[in-house]
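Residue-level structural notes
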Amino acid sequence: MAKKKKVVIVDEELTPTVLKTIKPKKGSVIWLIFIFAIFVAVVIYLPDIAVYIEEYVNPDVVTPGSPSTPDDNEQPDAEPEEVIEYQFTPDLQITDGNITLSNFAVANNQLSFTMTNNGTEEINFADLDYFINLYNANKMLLQRIMLMDETIAAGGTTNVSYDLTSTNINTISFLEISEEEYPVHTVTADESGNATLTCVKGYETVKYILKNNKVTEIEDNFEVPATDANYSTLYSSYQALAATYNTIGGIDANVRVENNILYFTTNINLSTVSDGSFNNLIYYPRDTDAKVMNFELEANGYRCN
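Below or above, wherever it landed, is the structure these notes cover. (Residues numbered from 1 in each chain as written. Predicted model: local features only at pLDDT ≥ 70, side-chain atom pairs only at ≥ 80, totals over all residues. Heavy atoms only, no water.)

A few points about the side chain of Thr265
Mapped onto the secondary structure, Thr265 falls in strand 15 (residues 261-269). At 2.6 Å, the side chain of Thr265 forms a polar contact with the side chain of Asn221. Residue contacts for Thr265: discarding those within four places in its chain leaves Asp220, Asn221, Asp252, Ala253, Asn254 and Arg256. (Helix = DSSP H or I, 4+ residues; strand = E, 2+ residues; numbered from the N terminus. Polar contact = N/O pair within 3.5 Å; in protein donor to acceptor, adjacent residues only side chain to side chain. Contact = heavy atoms within 4.5 Å.)

If you want it as structure tokens, here you go:
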């Protein structure tokens with residue numbers, strides 16, 4: 001083997017060091033390519049090599065990307081609660097906690113049943129989120145009914161009835177649905193975030209004025225034709241309600257008759273009215289999300305858009 005020529009470094013201050021050119025020998029290019037390939041492979045697989053060495057030196061330490069062993073104390077995610085569907089029959093009884101539903105019947109496009117409080121305390125459904133789901137034979141949801149206005153004394157019973165959109169009921173479920181579980185409902189807004197959710201039921205049209213999908217004002221309007229059998233009774237009731245509402249700051253109510261139509265209009269500014277000032281479950285507090293009004297009112301027979 002020929003001797004390699006030495007690189008001569010002149011040991012003088014500020015004197016450049018001259019490196020002589022060494023011509024590559026035959027086969028040295030292949031070796032350079034081989035060495036370069038090894039270098040690239042090391043760079044690519046360096047993280048895996050580091051993990052292997054770390055696991056070998058410290059086997060109890062879990063390194064990023066390596067499989068971990070589940071903690072014995074770690075609880076698995078809770079499975080969603082199964083909704084129980086009952087075959088709809090006249091002798092059906094449904095019990096949930098201290099509540100029992102029985103004596104189901106369908107007549108005159110209405111569903112009626114009895115609710116029993118088996119407990120020792122009053123049950124006020126306005127404080128709960130109980131719903132009845134009605135399905136046809138194809139498991140299609142026909143209607144959802146929210147139990148909203150009922151109050152049952154301890155050990156007591158009450159009979160209730162609800163209008164039906166379809167009498168073709170095959171199965172029924174009775175369950176709690178929290179507000180967190182309500183489906184998202186976003187009302188189309190203008191560029192400033194202003195929008196209106198309008199819900200209609202019978203003679204009533206209620207409008208929820210929204211800002212960024214949350215209610216700030218409520219406009220409730222009833223229009224009753226003079227031909228209605230309960231016209232006189234409704235007129236007296238609306239006058240009494242208007243007088244009561246007008247004693248509350250932030251509420252403006254009035255009753256008028258035009259062209260043989262009775263109008264009862266209530267405007268509520270939720271920025272100034274105090275929570276709990278009125279006993280109407282569809283008058284929601286300020287900043288209630290549109291999904292709450294939409295879901296609950298449609299479960300009370302309103303059509304919302």
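Brief notes about the sheet that holds strand 12 (residues 204-211)
Overall, antiparallel pairing links the 6 strands, which are arranged 14-15-13-12-11-16 in an open sheet. Of all strands in the sheet, those with a lone pairing partner are strand 14 (251-258) and strand 16 (303-304), marking the two edges. In this sheet, strand 15 lies alongside strand 14 in antiparallel orientation, the contact comprising 8 bridges. Bridge pairing in strand 15 links Asn254 to Thr265. Most of the contacts of helix 2 (residues 231-245) go to strand 14, to which it runs at about 150°, and overall it touches strand 13 (214-225), strand 14 and strand 15. (Pairing = 2+ DSSP bridges. Axes fitted to C-alpha atoms, helices over the stretch in contact; angles between N-to-C directions.)

Describing the state of the cysteines
Taken as a whole, this structure holds 1 disulfide when the rule is applied. With a sulfur-sulfur separation of 2.1 Å, Cys199 is cross-linked through a disulfide to Cys304. For the disulfide bridge between Cys199 and Cys304, the dihedral angle about the S-S bond is near 115°, and by the sign convention the bridge is right-handed. Separated by 105 residues along the polypeptide, Cys199 in strand 11 (residues 194-201) and Cys304 in strand 16 bring together distant segments of the chain. For the pair formed by Cys199 and Cys304, the shared burial category is buried. (Disulfide = S-S within 2.5 Å. Buried < 20%, exposed > 50% of the residue type's maximum accessible area, 1.4 Å probe, protein only.)

Comments concerning the packing of aromatic side chains
This model, assessed by the stated rule, comprises 13 aromatic pairs. Seen from their ring centres, Phe113 and Tyr162 are 6.1 Å apart, and the 25° between their planes marks the pair as stacked. Of this pair, Phe113 sits in strand 4 (residues 110-117) while Tyr162 is found in strand 9 (residues 157-163), placing the two residues 49 residues apart along the sequence. Across the pair, Tyr162 and Phe113 agree in class, each one buried. Geometrically, the ring pair formed by Phe222 and Phe264 is stacked, given 6.1 Å between the ring centres and 20° between the ring planes. With Phe222 in strand 13 and Phe264 in strand 15, this residue pair connects regions lying 42 residues apart in the sequence. (Phe/Tyr/Trp six-rings, centres within 6.5 Å; stacked < 30°, edge-to-face > 60°.)

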